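# Overview (structure and organization)
Single-letter residue listing:
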Amino acid sequence: MAQAPKIGFVSLGCPKATVDSERILTQLKVEGYGFSGSYEDADLVIVNTCGFIEAAEQESLDAIGEALHVNGKVIVTGCLGAKESLIREKHPEVLAVTGAHEYEAVMQAVHAHLPPSERNAHVDLLPASGVKLTPRHYAYLKISEGCNHHCSFCIIPSMRGPLASRPIGEVVREAERLVADGVKELMVIAQDTSAYGLDLKYRTDFVQGRPVRTRFYELCEELGKLDAWTRLHYVYPYPHVDEVIPLMRDGVILPYLDVPLQHASNKVLKAMQRPAAGEKMLERLAGWRDICPELVIRSTFIVGFPGETEKDFQELLDFLDVAQLDRVGGFAYSPVEGAAANALPGQVPEEEKQRRLEAFMAKQAEISTSKLRNYVGYEMAVLIDEVRDDAVIARSYADAPEVDGTVIIPGRHDLQPGQFIDVEIVDSDAFDLIGVPVTDSDD
């Protein structure tokens, strides 16, 4: 029997790109392709790129160049694929360039340059959820593509197109398959999660024979019926987001919201073309916490945006003091080719951007240190991610993988990734908690 052709695969960028990579890898596996962990042993390499900011764009171009240098046969896909002329200018030897979530075009390019030897005879051994790039016990659940916002710093709509929601029945069936395959945590992602269903006018679909509207609240309700944590990411704070807070209070989904606020100064938000206002957001946060006191809020902010003055930056620091957000990521503004913000006056010098970023993160570290200290002495359920010889790394409901902190359980323990256990929190620092087990694992 002929040996299966082998593909090398590089996946860059955000969780949405990770899902795209998983779908491509699953189709490759179904069609009989094998995979190689090195460029040298691969018959062809696929690079799934990111092009969100300048640094990500350069990382993608470098990855393409490295694959070409070592292997010579490279297909490019992903967000940077929207800039095909740039890719071909830097790397004219690439075999094909496709855009984000263009799965069929990727497969057509693979077929053209590396035909499959035969269909995979063991396709039935694949889990129903397909090939995953995340650990077995958690998965990203992408509910839509694209975005209808036109933020001045972002070119995602030009790369991924306008909002395109998946019918709720399709999303829930995928979630059910993931949970059946052992997933204990579903992370709901999209470019604009809370806009889910808007483009479909909240059309009714069917979940296990029941009519259900394709809408954010109903999706949360349905996912909350599964035997897994449901965590919401990239939630734009539309008014209807208020509806899901009681679901968090009642334990239907995790009391965790990832809300990318970007700034607090109304002047800067206007320049960003973000309709939210800092003072109104503080009212929303207070209202959410009144309903669900255990709610954990994560956000991201951009400092050094064009036109940001020292007064604007101080407004942002003051906002952090009042908002007391649990988890925060900060980024210095980076120009992206094609973004409207590039033409704005008042570009902030790079040194000043970095100074503000350092001050911003120092402020948030103080807040995080204080907030995490409040967990000491309490018991909480955690999900095991990794078991080491000297410690177990876990996460609580307050921690999303890769972007938030962890719960560290010192010592050697007979535990497995994907188990839930209860721990008592005995110490903390600026980002992580230290815990000791109080019960045996429940599965």
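Residues numbered from 1 in each chain as written. Predicted model: local features only at pLDDT ≥ 70, side-chain atom pairs only at ≥ 80, totals over all residues. Heavy atoms only, no water.

### Quick word on the layout of surface pockets
The test is simple: Using a 1 Å grid laid over the protein atoms alone, points where a 1.4 Å probe fits but cannot get out form a cavity; open sets with protein on both sides within 12 Å along at least 5 of 7 lines form a pocket; any residue with an atom within 4 Å of a point counts as lining. Grid points are joined across faces, edges and corners, and a volume is the space filled by probe spheres set on the points. Helix numbers and strand numbers start at the N terminus; a helix is a DSSP run of H or I with at least 4 residues, a strand a run of E with at least 2. Residue type decides the class: Asp, Glu, Lys and Arg count as charged, Ala, Val, Leu, Ile, Met, Phe, Trp, Tyr, Cys and Pro as nonpolar, and the leftover types, Gly among them, as polar.
Each pocket or cavity is described by its volume, and for the largest pocket that value is around 1300 Å³. Around the largest pocket, the lining comprises 50 residues; the ones closest to its centre are Cys 14, Lys 16, Phe 52, Tyr 234 and Phe 331. Residue assignment for the lining of the largest pocket shows that the elements contributing at least two residues are α1 (15-30), α2 (54-70), α5 (156-160), β14 (296-303) and β15 (327-332). For the lining of the largest pocket, the class distribution of residues is 32 nonpolar, 10 polar and 8 charged.

### Things to note about the packing of aromatic side chains
The condition that has to hold: Whether two aromatic rings pair depends on their centres lying within 6.5 Å, for rings of Phe, Tyr and Trp, where Trp uses its six-membered ring; planes under 30 degrees apart make the pair stacked, over 60 edge-to-face, and the rest tilted.
Enumeration according to the criterion identifies 6 aromatic pairs in this entry. Their ring planes at 75° and their centres at 5.2 Å tell us that Phe 305 and Tyr 333 sit as a pair that is edge-to-face. Of this pair, Phe 305 sits in the loop between β14 and α11 (310-323) while Tyr 333 sits in the loop between β15 and α12 (350-373), and the two are 28 residues apart along the sequence. Each residue in the set Phe 153, Phe 305 and Tyr 333 is aromatic and connected to the rest through ring pairs, giving one cluster.

### Here we look at the sheet that holds strand β1 (residues 6-11)
The criterion, for reference: Strands are treated as partners if at least two bridges between them are detected by DSSP. The contact criterion used throughout is that any non-hydrogen atoms of two residues lie within 4.5 Å. Orientation is described by lines fitted to C-alpha atoms, with helices fitted over the stretch in contact, and by angles between N-to-C directions that extend from 0 to 180 degrees.
Within the open sheet, the 5 strands sit side by side as β2-β1-β3-β4-β5. Their pairing is parallel. Whereas interior strands pair on both sides, the edge strands pair on one side only; in this sheet they are β2 (34-36) and β5 (96-97). Summarising the sheet, strand β4 (residues 74-78) and β5 pair through 2 bridges and their orientation is parallel. If you follow Ile 75 over to β5, its bridge partner there is Ala 96. Against the sheet, α2 engages β3 (44-49) and β4, with an angle of about 175° to β3.

### Side note on empty space enclosed by the protein
By the definition in use, this model includes 3 cavities of 30 Å³ or more. Looking at the second largest cavity, its volume works out to about 60 Å³. Every residue along the wall of the second largest cavity is listed here: Val 296, Asp 326, Arg 327, Ser 368, Lys 371, Leu 372, Tyr 375 and Ala 398. Counting residues per element, the lining of the second largest cavity draws most heavily on α12, at 3 residues. For the lining of the second largest cavity, the class distribution of residues is 4 nonpolar, 1 polar and 3 charged.

### Quick look at the nonpolar core
Nonpolar side chains in soluble globular proteins generally cluster together in the buried interior. Quick note on the threshold: Remark: nonpolar core denotes a set of buried residues (Ala, Val, Leu, Ile, Met, Phe, Trp, Tyr, Cys) joined through side-chain atoms within 4.5 Å. Only protein chains enter the calculation, and the probe is 1.4 Å; a residue is then buried if its accessible area is under 20% of its type maximum, exposed if over 50%, and partly exposed in between.
Within the largest apolar cluster, 54 residues are counted, with the highest numbers of intra-cluster contacts made by Leu 257, Trp 288 and Leu 325. Residue contacts for Leu 257: discarding those within four places in its chain leaves Leu 232, Val 235, Val 241, Ile 245, Met 248, Trp 288, Leu 295, Val 296, Ile 297 and Arg 298.

### Some details on the confidence of the model for the chain
Applied cut-off: Every residue gets a pLDDT, meaning the predictor's confidence in that residue, from 0 to 100.
Taken as a whole, the chain shows an average pLDDT of 91; of its residues, 94% reach a score of 70 or greater. Ignoring residues within four places in sequence, the model shows residues 120-126, a span with pLDDT below 50, making 8 contacts including any to other chains.

### Digging into the side chain of Asp 312
Filter applied, for reference: The definition of a polar contact used here is a pair of N or O atoms within 3.5 Å, where within protein one atom must be able to donate a hydrogen and the other to accept one, and adjacent residues in sequence count solely through side-chain atom pairs.
If you trace the backbone, Asp 312 turns up in helix α11. At 2.9 Å, the side chain of Asp 312 forms a polar contact with the backbone nitrogen of Thr 309. Setting aside anything within four residues of it in sequence, one finds Asp 312 in contact with His 263, Ser 265, Lys 267, Val 268 and Gly 307.

### What about the sheet that holds strand β16 (residues 379-387)?
Pairing within the closed barrel is mixed, and its 5 strands lie in the order β16-β17-β18-β20-β19. Each neighbouring strand pair of the sheet contributes to a mean axis angle of 50°, computed without reference to strand direction. Sheet topology note: the strand β19 (residues 420-428)/strand β20 (residues 433-437) ladder contains 5 bridges and is antiparallel. Paired with Glu 424 across the bridge in β20 is Val 436.

### Some thoughts on helix α6 (residues 168-180)
The test is simple: Multiplying 1.5 Å by the residue count of a helix minus one yields the expected span of that helix.
If you check α6, its first and last C-alpha atoms are 18 Å apart, about what 13 residues at 1.5 Å a residue would give, namely 18 Å. Those residues of α6 that are buried are in contact with α1, β6 (138-142), β9 (185-189), β10 (204-207), β11 (210-213) and α7 (216-223). Backbone geometry just after α6 places Gly 182 at a positive phi near 105°.

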